[in-house]
Amino acid sequence: EAKRRPHGHYQVFEPQMAEEVNRLLQLESDIRAAYQEHHFTFYLQPLIDLHARVLVGAEALIRWEHPTRGLVQPGAFIGFLENSDMINPVGLQLLDDVCQFIRRQKELGRFPAELRVAVNISERQLYDADFVGKCLSVLHKYKLPGSCLEFEITEGAALHNIDEVVDKMRKLQNEGITFALDDFGTGYSSLSYLKRLPVNKIKIDKSFIDDITIDPQDAAMVASIIAIASNMNLLIVAEGVETDAQAQWLSQYEGILIQGYLFDRPLQAQAFAQNYLPESPTF
Ligand code: C2E
Ligand code: MG
Ligand code: MG
Ligand code: MG
């Protein structure tokens, strides 16, 4: 006990800690500026019906168009952003941008009524007291039905007050917005959330899909997840499908939707519209 040097610990790490603190403070002010200057944008990755080979939707994925660093992927900032209050204004700005895009495509006759754009919604957004009102006023602003949107949530997003989250989900579902449970299987209690959250779809996490063709245990788990979801009448997305072999394996099941580099990467919204939205929708 006498040998303990309670302050030594801090002295050793101080320079690194100061550096980290500075880095985070810088990130925080960069994010604030990026929001004000509207440097956040979204890419769209197509969601495909594996059997029919048709587009059924797209996921909007945030990107940071940094004036000096170029295009910054969410991995570099989303964790920090989701843990800060800025996720609320940034998330709302992104939802507004997505709805503006949909409205524009509708006016061009290029947005089929069956199509949905999925937007990732994080915990702090769900716990915003006026989350439902804010979403509905964006829809109203662009004169859009909720049926053009899907919200992706993770089980972590409902950790603190599941009743409040369920209540908000139902209100938004009444307006036509559907819900997907994202990164399914990676949390601590996926089945318990599946039981309690009124989701329409599950997205099987890429980490389960990666080895389905080589690891029998992974294949067994994905088969079981598909069985559960089918029995619950939920739509099923396989995330991160990169190879023909994976698609082949998944095609033994009916009604699987796939999202992954095999089909296409996330694209700039304009490129997505050009490649995927027909001038006069036939579907
Ligand atoms: P997510 O919601 O699970 O999105 C899927 C991620 O997998 C995307 O990464 C996508 O680009 C990537 N992906 C899709 N197919 C493949 C594939 O075949 N191979 C590989 N290696 N990756 C693939 P991204 O765009 O970097 O986004 C990462 C995460 O950041 C998202 O994971 C989501 O959790 C979060 N995120 C993205 N946009 C938003 C947003 O607007 N709001 C919030 N709160 N989170 C977001
Ligand atoms: Mg997602
Ligand atoms: Mg995911
Ligand atoms: Mg995620």
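Residues numbered from 1 in each chain as written. Chains lettered and ligands numbered in written order. Predicted model: local features only at pLDDT ≥ 70, side-chain atom pairs only at ≥ 80, totals over all residues. Heavy atoms only, no water.

Looking at an unreviewed UniProt entry, one finds the chain named EAL domain-containing protein, with Gilvimarinus xylanilyticus as its source organism.

Student: Could you give an account of the coordination of the magnesium ion (ligand 2), with specific residues and numbers?
Tutor: Protein coordination at the magnesium ion (ligand 2): the donors are Glu59 (OE), Asn120 (OD1), Glu152 (OE) and Asp182 (OD), at 2.0 to 2.3 Å from the metal. Written as a sequence motif, the donor residues of the magnesium ion (ligand 2) are E-x60-N-x31-E-x29-D. Here the magnesium ion (ligand 2) and the magnesium ion (ligand 3) are spaced 4.3 Å apart, with Asp182 acting as a shared donor. Of this pair, Glu59 sits in strand β2 (residues 54-66) while Asn120 sits in strand β4 (residues 116-120); the two residues are 61 residues apart in sequence, bridging distant segments of the chain. The exposure class of Glu59 is buried, given its relative accessible area of 4%. Looking at Asn120, the relative accessible area reads 31%, which means it is partly exposed. (Donors = N, O, S within 2.8 Å, 3.2 Å for Na, K, Ca; no water. Helix = DSSP H or I, 4+ residues; strand = E, 2+ residues; numbered from the N terminus. Buried < 20%, exposed > 50% of the residue type's maximum accessible area, 1.4 Å probe, protein only.)

Student: Go over helix α3 (residues 87-107) with me, naming the residues and quoting the values.
Tutor: Spanning 21 residues, α3 covers 30 Å between terminal C-alpha atoms, matching the ideal 30 Å at 1.5 Å per step. Positive phi shows up at Gly109, right after α3, with a value of about 70°. (Expected span 1.5 Å × (residues − 1).)

Student: Could you give an account of the packing of helix α5 (residues 131-141) against helix α6 (residues 162-174), naming the residues involved and the relevant values?
Tutor: Helix packing for two helices is described by the angle between their axes and how far apart those axes are. Two numbers describe how α5 lies on α6: the axes approach to 10 Å, and their chain directions differ by 20°. Here α6 runs roughly parallel to α5, going by the angle between their axes. Taken as a pair, α5 and α6 cross one another with a handedness that is right-handed. Together, Phe131, Val132, Cys135 and Leu136 of α5 and Lys168, Lys171 and Leu172 of α6 make up the contact between the two elements. Tallied by class, the residues present in the contact of α5 with α6 amount to 5 nonpolar, no polar and 2 charged. (Axes fitted to C-alpha atoms, helices over the stretch in contact; angles between N-to-C directions. Parallel < 35°, antiparallel > 145°, perpendicular 65-115°, else oblique. Left-handed = near helix turned anticlockwise from the far one by under 90°. Contact = heavy atoms within 4.5 Å. Nonpolar A, V, L, I, M, F, W, Y, C, P; charged D, E, K, R; others polar.)

Student: Outline the side chain of His66, listing residues and values.
Tutor: Within the element layout of this structure, His66 appears in strand β2. A polar atom in the side chain of His66 sits 3.0 Å from the backbone nitrogen of Arg69. (Polar contact = N/O pair within 3.5 Å; in protein donor to acceptor, adjacent residues only side chain to side chain.)

Student: Report on helix α11 (residues 269-276), specifying residues and quantitative values.
Tutor: For α11, the full list of buried residues reads Ala269, Phe272, Ala273 and Tyr276. The buried residues of α11 occupy one face: seen down the axis, they fall within an arc of 100°. Residues of α11 that are exposed and point over 90 degrees away from its buried face: Gln274 and Asn275. Residues of α11 that are buried in the fold lie against β1 (40-49), β2, α3 and β10 (267-268). (Arc of directions from axis to C-beta.)

Student: Could you give me a rundown of the pairing of β4, with the residues and numbers involved?
Tutor: Relative to β4, β2 runs parallel, the two being bridged by 4 bridges. Its bridge partner lying in β4, Ala58 is registered against Val117. Bridge count for β4 against strand β5 (residues 149-153) is 4 bridges, and the pairing is parallel. What sits directly across from Asn120, in β5, is Glu152. (Pairing = 2+ DSSP bridges.)

Student: Describe the site of ligand 1, naming the residues involved and giving the relevant values.
Tutor: In the vicinity of ligand 1 lie 22 residues, with Arg63, Glu82, Asp182, Glu242 and Tyr261 positioned nearest. For ligand 1, an oxygen atom lies 2.8 Å from a polar atom in the side chain of Asp182. Between Glu239 and ligand 1, the recorded distance is 3.2 Å, taken from a side-chain N or O atom to an oxygen atom. Burial of ligand 1 by the surrounding chains reaches 80%, relative to a free accessible area of 800 Å². For the shell around ligand 1, the elements supplying multiple residues, two or more each, are β2, α2 (78-82) and β6 (178-184). The element contributing the most residues to the shell around ligand 1 is β2, with 4 residues. (Near = heavy atom within 4 Å. Areas by Shrake-Rupley, 256 points an atom, 1.4 Å probe, with all protein chains shown as cover.)

Student: Got a sec to walk through the state of the cysteines? Specific residues and values, please.
Tutor: Applying the stated rule across the entire model yields 0 disulfides. Left without a disulfide partner, Cys99 is nearest to the cysteine sulfur of Cys148, which lies 5.7 Å away. Classification of Cys99 by relative accessible area gives buried; the value is 0%. (Disulfide = S-S within 2.5 Å.)

Student: How would you summarise the nonpolar core if you had to cite specific residues and measurements?
Tutor: Core analysis: the largest hydrophobic core is formed by 82 residues, its most contacted members being Leu149, Phe151, Leu197, Ile202 and Leu250. Among the elements that line this core, the one with the most residues is α3, at 8 residues. In this structure, Phe151 is in contact with Leu95, Val119, Ile121, Phe131, Cys135, Leu172, Ile177, Thr178, Phe179 and Ala180, ignoring residues within four places of it in sequence. (Core = buried A, V, L, I, M, F, W, Y, C linked by side-chain atoms within 4.5 Å.)

Student: Which residues make up the pattern of salt bridges, and what values do they have?
Tutor: With the rule as written, the count across this model stands at 15 salt bridges. The residue Glu164 makes a salt bridge to Lys168 at a minimum N-O spacing of 2.9 Å. Of this pair, Glu164 and Lys168 both sit in helix α6, 4 residues apart, which is roughly one turn of that helix. Residue classification places Lys168 among the buried positions, given a relative accessible area of 8%. With a closest N to O distance of 4.0 Å, Lys206 and Glu242 form a salt bridge. Of this pair, Lys206 sits in helix α8 (residues 206-209) while Glu242 sits in the loop between β8 (235-239) and α10 (244-250); the two residues are 36 residues apart in sequence, bridging distant segments of the chain. (Salt bridge = Lys/Arg side-chain N within 4 Å of Asp/Glu carboxyl O.)

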